[in-house]
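Results of the structural survey
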Amino acid sequence: MLKSILSRGAVTALALAGLTTAAFAQLELKIMAPAAPGGGWDGTARSMQQALTASGIAKSVQVNNVNGAGGTIGLAQFVNGAKGDGSQLMVNGFVMVGAILLNKSPVNLSQVTPIARLTAEAQVIVVPADSPIKTAKDLADRVKADPAKVTWAGGSAGGVDHIMAALFAGAVGGDATKINYIPFSGGGEALAALLGGRVTAGISGYGEFEGQIKAGKLRVVGVSSGARLPNAPDAPTLKEGGVNLEVLNWRSVVAPPGITAEQRKVLADAMEKMAKSKEWAEILKARGWDDAYLGGAEFEAFLKAEDARVGKVLRDVGLVK
Amino acid sequence: MDTFNALMHGFSVAIEPSKLLFALVGVFLGTAVGVLPGIGPALTVALLLPVTFKLDPAGSLIMFAGIYYGGMYGGSTTAILINAPGESASLATALEGSKMAKAGRGGPALATSAIGSFVAGTIATLGLAFLAPWLVEVAVKFGPWDYFALMILAFVTVSATFGDSPLRGITSLAIGVTLGLIGIDRLTGQARLTFGVPELLDGVEVTTLAVGLFAVGEALYVASKRFRDPEEIVPIKGSLWMTKEDWKRSWAPWLRGTAFGFPIGALPAGGAEVPTFLSYSTEKKLCKYPDEFGKGAIEGVAGPEAANNASAAGTLVPLLTLGLPTSATAAIMLAGFQQYGLNPGPLLFAERPDLVWGLIASLFIANTMLVIINLPLIGLWVRLLAIPQPWLYAGILVFAAMGTLAVKASVVELSMLFVFGFLGFLMRRYDYPVAPMVVGLILGPMAEAQLRRALQISLGDPMILLENPGSAILLGLAFIGLVAPFVMSGLNRFKASED
Amino acid sequence: MASTSSAKGADIPALVVAALLLIAAALVAYDAKSQTIVSTYGVGPTAMPYVVSAVLGVLGLCHLVVAFREGLPKPEAVDSTAVLWLTGGLIGLIACIGLGGGFIIATAIVFSATARSFGRQALAVDFGIGLVLGLAIFLMFSKLLQLTLPSGPLEKLF
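Residues numbered from 1 in each chain as written. Chains lettered and ligands numbered in written order. Predicted model: local features only at pLDDT ≥ 70, side-chain atom pairs only at ≥ 80, totals over all residues. Heavy atoms only, no water.

1. Digging into the overall build of chain A
Helices and strands together make up the secondary structure of chain A, namely 11 helices and 10 strands. Expressed as a percentage of the 321 residues in chain A, the buried residues total 60%. Within chain A, contacts between residues at least 6 apart in sequence are counted, and of these 78% link residues at least 24 apart. Total accessible area on chain A is roughly 12000 Å²; 54% of this is exposed by carbon and sulfur atoms. (Helix = DSSP H or I, 4+ residues; strand = E, 2+ residues; numbered from the N terminus. Buried < 20%, exposed > 50% of the residue type's maximum accessible area, 1.4 Å probe, protein only. Contact = heavy atoms within 4.5 Å. Areas by Shrake-Rupley, 256 points an atom, 1.4 Å probe, with all protein chains shown as cover.)

2. Remarks on the environment of Gly 158 of chain A
All names here are of chain A. Note on placement: Gly 158 falls in the loop between β5 (151–154) and α6 (160–171). With a relative accessible area of 5%, Gly 158 lands in the buried category. Sequence-wise, Gly 158 and Val 95 are 63 residues apart; in three dimensions their C-alpha atoms are separated by 8.1 Å. Among all residues touching Gly 158, those that are not within four sequence positions of it are Gly 98, Leu 102, Ile 163, Leu 314 and Leu 319.

3. Side note on the side chain of Asp 31 of chain C
If you trace the backbone, Asp 31 of chain C turns up in helix α1 (residues 12–33). At 2.9 Å, the side chain of Asp 31 of chain C and the backbone nitrogen of Leu 193 of chain B are in polar contact. What Asp 31 of chain C contacts, discounting residues up to four positions off in sequence, is Arg 192 and Leu 193 of chain B. (Polar contact = N/O pair within 3.5 Å; in protein donor to acceptor, adjacent residues only side chain to side chain.)

4. Description of helix α11 (residues 296–316) of chain A
Residues that lie three or four places apart on an α-helix share one face, since the helix turns once every 3.6 residues. Residues and elements named next belong to chain A. Helix length check: α11 (21 residues) gives 31 Å between terminal C-alpha atoms against 30 Å at 1.5 Å per residue, within 8%. Within α11, the full set of buried residues consists of Phe 299, Leu 303, Glu 306, Val 310, Gly 311, Val 313 and Leu 314. Considered in projection along α11, the buried side chains sweep an arc of 165 degrees and stay on one side of the axis. For α11, the exposed residues set more than 90 degrees away from the buried face come down to Ala 297, Glu 298, Lys 304 and Lys 312. Its buried side turned inward, α11 meets α4 (94–102), β4 (113–128), α6, β9 (248–255) and β10 (290–295). Positioned one or two residues after α11, Gly 318 has a phi angle of 80 degrees, which is positive. (Expected span 1.5 Å × (residues − 1). Arc of directions from axis to C-beta.)

5. Description of the pairing of strand β1 (residues 28–33) of chain A
Looking down a regular strand, the side chains alternate between one sheet face and the other. Both β1 of chain A and strand β2 (residues 60–65) of chain A contribute to a ladder of six bridges, which runs parallel. Looking across to β2 of chain A, one finds that Ala 33 of chain A is bridged to Asn 65 of chain A. (Pairing = 2+ DSSP bridges.)

6. Overview of the domain arrangement of chain A
Residues and elements named next belong to chain A. Its domain assignment divides chain A into domain 1 (2–120 + 249–316) and domain 2 (121–223). Here domain 1 meets domain 2 over a buried area of about 980 Å², counting both sides, of which 70% is carbon and sulfur. The tally of links from domain 1 across to domain 2 stands at zero salt bridges. Across the contact surface, domain 1 and domain 2 share one residue pair in polar contact (both at pLDDT 80 or more). Breaking the side of domain 1 that touches domain 2 down by element, the ones donating at least two residues are α4 and α11. If one sorts the elements of the side of domain 1 that touches domain 2 by residue count, α11 sits on top with five residues. When the residues that make up the side of domain 1 that touches domain 2 are grouped by side-chain class, the tally is six nonpolar, two polar and two charged. (Domains from an automatic or database assignment. Buried area = accessible area lost by both parts, 1.4 Å probe. Salt bridge = Lys/Arg side-chain N within 4 Å of Asp/Glu carboxyl O. Nonpolar A, V, L, I, M, F, W, Y, C, P; charged D, E, K, R; others polar.)

7. Brief notes about the environment of Ala 297 of chain B
Residue and element names in this part refer to chain B. Along the chain, the position of Ala 297 falls in the loop between α10 (273–286) and α11 (299–322). Considering only alpha carbons, one finds Ala 297 and Arg 105, 192 residues apart in sequence, at a separation of 9.9 Å. Those residues in contact with Ala 297 that sit more than four places away from it in its chain are Glu 96, Met 100, Arg 249 and Glu 292.

8. Let's talk about unusual backbone geometry
All names here are of chain B. For Asp 431, which is not a glycine, the phi torsion comes out positive at approximately 60 degrees. Tracing the backbone through its elements, the reader meets Asp 431 in the loop between α16 (411–429) and α17 (435–457). Notably, Leu 459 is not glycine yet its phi reads approximately 55 degrees, a positive angle. Assignment of secondary structure puts Leu 459 in the loop between α17 and α18 (464–467). According to the relative accessible area criterion, Leu 459 is partly exposed, its value standing at 37%.

9. Comments concerning the packing of aromatic side chains
If you walk through the whole model with that rule in mind, you get 11 aromatic pairs over all chains. Ring centres of Trp 152 of chain A and Phe 168 of chain A lie 5.5 Å apart, and the angle between their planes is 65 degrees; on these two criteria the pair is classed as edge-to-face. Linking Trp 152 of chain A in strand β5 with Phe 168 of chain A in helix α6, this pair joins segments that are 16 residues apart in sequence. You can call Trp 152 of chain A buried: its relative accessible area is 1%. Residue classification places Phe 168 of chain A among the buried positions, given a relative accessible area of 0%. Ring centres 5.5 Å apart and planes at 50 degrees place the aromatic pair Tyr 68 of chain B and Tyr 69 of chain B in the tilted group. No difference in accessibility class separates Tyr 68 of chain B from Tyr 69 of chain B, as the two residues are buried. By the ring-pair criterion, three or more aromatic residues cluster together here, those being Phe 94, Trp 250 and Phe 302 of chain A. Lying across the ring of Phe 302 of chain A, Arg 117 of chain A places its NZ or CZ 4.5 Å from the centre. (Phe/Tyr/Trp six-rings, centres within 6.5 Å; stacked < 30°, edge-to-face > 60°. Lys NZ or Arg CZ within 6 Å of the ring centre and 35° of its normal.)

10. Some points on the interface of chain C and chain B
Counting from both sides, the interface comprises 60 residues of chain C and, opposite them, 63 residues of chain B. Taken over both partners, the interface formed by chain C and chain B buries close to 5400 Å², and the fraction arising from carbon and sulfur atoms is 80%. The largest share of the area that chain C buries against chain B comes from Met 48, Ile 94 and Phe 118 of chain C, three residues that together contribute 12% of it. Remark: the boundary between chain C and chain B carries zero salt bridges.

11. A closer look at the pattern of salt bridges
All names here are of chain B. In the structure shown here, the tally under the stated rule is 23 salt bridges over all chains. Note that Arg 192 and Asp 185 form a salt bridge whose closest N and O atoms lie 4.0 Å from each other. For Arg 192, a relative accessible area of 3% gives the class buried. The buried category is assigned to Asp 185, whose relative accessible area is 4%. A salt bridge links Arg 192 to Glu 448; its shortest N-O distance comes to 2.9 Å.

12. Focus: the nonpolar core
Within the largest apolar cluster, 223 residues are counted, with the highest numbers of intra-cluster contacts made by Leu 209 and Val 438 of chain B. Take this core: its biggest share by element is 21 residues, from helix α5 (residues 91–141) of chain B. Beyond its immediate stretch of four places on either side in the chain, Leu 209 of chain B contacts Leu 179, Val 204, Phe 420, Met 437, Val 438 and Leu 441 of chain B. Core analysis: the next-biggest nonpolar cluster, separate from the first, contains 90 residues, Ile 57, Val 91, Val 107 and Val 317 of chain A among them. (Core = buried A, V, L, I, M, F, W, Y, C linked by side-chain atoms within 4.5 Å.)

This is how it looks when you write it as structure tokens:
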């Protein structure tokens, strides 16, 4: 929630700088962040604002926040209110896919026009340093033997952490419906439960546990990316540990329904230009996000695939019927 | 000794005139923004953080500390002056503080709050400097069962403050707990009592309920009896400053509030609400003038305010030693620290002692600065109450609406504010206490989530609550608190019949 | 009022509260009953609602008893004009935001109606003051703090 706020001062400064360099740009955009100011999506939206204006791709960018219910309130407003408007965009991500199903949202992601995936963050599974579990295989054996005895600490129910716990159980041949997942509010509480030895394992974005991992208080069982993370070369991937599982907490940007093909192309081109700009690269570096740009039809297919995967998991763990 | 030297070094950096100026500006900005209703300390810090980035690390840290304390104090000012607490932690302050303000004792209320914050902040920051590594070891050992027991203890203690009718008090509390059920269940993600209204999925905002019941409800109530029993708001009666008597009645609550606030604030899921409630109930019990409670007792401001500030310093314990952000404010501070190149966590004290001790020294200085610039402002704040009554209440309602819209700009949220306002009006008419309702909304969901986590870990075995010494002791205390009044009154009656 | 006819003994306000509490108890229980998802371990999302429902039920019955005994405290009479003005102001506020009138006009409505409710007889002047106040708050939020308040025709000018 925090990072975005920090960027706010920088945003203003850069927005001013942007005005001078971007005299030729005509694009005026409105980006909705379906979360409170300070949330991850808000951070993405405001970083986009910063990159788009600073690089001169857009003349002006406005960010508005509509928070509530995992982004589904913003989504509903976007689908109904921005229909056919080629100057609007909305930030979304992995979490919204689950929230739509959980909250029985009347609108869903098939109603928006996919534009591009922008960033992704690897997840990590950790155990307390004094835990007898050393590797992904150790954890897999326990989950297979008795899923009830393996307590997982992570973020909100139905969120990316929860879904990953279920996917892990499924991937190792355990019973995903029987996982004992305990949602905590915010990373801090889950971390405390881990450090206090109250739970078996914890799942979160790598950044959230980084300090404790480096201090040797938590041990990495596996990261969820395809290859080892550049900032944590010692941490093995789950795949190396013999668990065939890849989960990325991605963020993307979509346009309203009912826009014309030209409008869509303008937006898609702008996003592609932004994603390849040096301003965007600097923001990604400063915030520790990975570039995961994926545009056009590929992103559309990716979104469908993730939707199907998340839907199946949520039904498996019994959160959606 | 090491700690002491490090701290002294921190002070030597923070005491330069330019740094003092940054502290002053920080406190001023923090107070100015924090005083807006609906903008609690978390949002204040978030909004003003970018201002600090333009300075060097030492300067930005000290300005940041100033913003933090200023924001906290600004929140209490709104609670006292217009009965619109900007966050749940200043709820207890509003109870007595707003009564004092209306009776012309706004000056002493704001003063005891400022000085209490200073005393609590100073003691708690000392605790942070010297006890943090030890305290944090204990704090992470706290399991869900212990938190549940702590919530139960808070429930029992608070129920002692229900007023003359236990039935009406419990009813108010039960309605609050019911409101707490609304929204997405934290442990399964299921929607409860939302009736298909998507805006209800996130539950009822504590500030919407508190501002509705307190500020709007009160405005309706006062308007309704305007002719029969016109309310008289006296901006200043007696001394603007705390009298000798006020000092005598304040110092012990400050210290007790600190004793509640610091350790509970240091718990990863302790929060600021529980200690403020505990402090309020304790002061009400111990007060030599119990009749004054509900009419503006200074102890009821001094204690909770100290508890609030001490718990804020307490949240820095897990934040600095473990990198655990345990409140919204702490989460934003964490981001701020990272921007200054401080990476809170187990290695921080070893890796960057200069910055840590610089920060702790900054906290002391900002805390002092807060008192220095806010005490003279009290006269100005209190004068706000001299605005003619129609405009005063009109302004209060505008600020209530603004606070609600700043949190969530939706018609549903405003409608809730209105409904709660009307409810508050009716409850005042029929002499139902309104505070337990807010307490129920805050504590209910916390207690439920912790109990269910505990039972999930124990695979459904309730004995886990009694097998762990921490929770067993806390539940024992709660039980004693529950039955003691009955036993005592029984004994008294027994004695009386003997005579 | 019914409360004075002690022969019958039933206190109407207490009866109303009793009825509302019992309805609330039923609603909470009904909502819990219609939950389809349960937790695999420990207690599920319905346990607490059932407890709350039971407590509300008991409190409702207690109020029923109270209604036939001492009743609720008798409130003093209401200045209904004042309450109506204030309520009207709040409803005006909600309607104005809901219909897209924006924050500034909404502020002016609630400000002037509240001042009227507290006895001022200068609605137009107060409306003007409300407009200025709303504008000041709006500008502070949008320009200084970069927070968006609901926009209407007036806000779009800035």
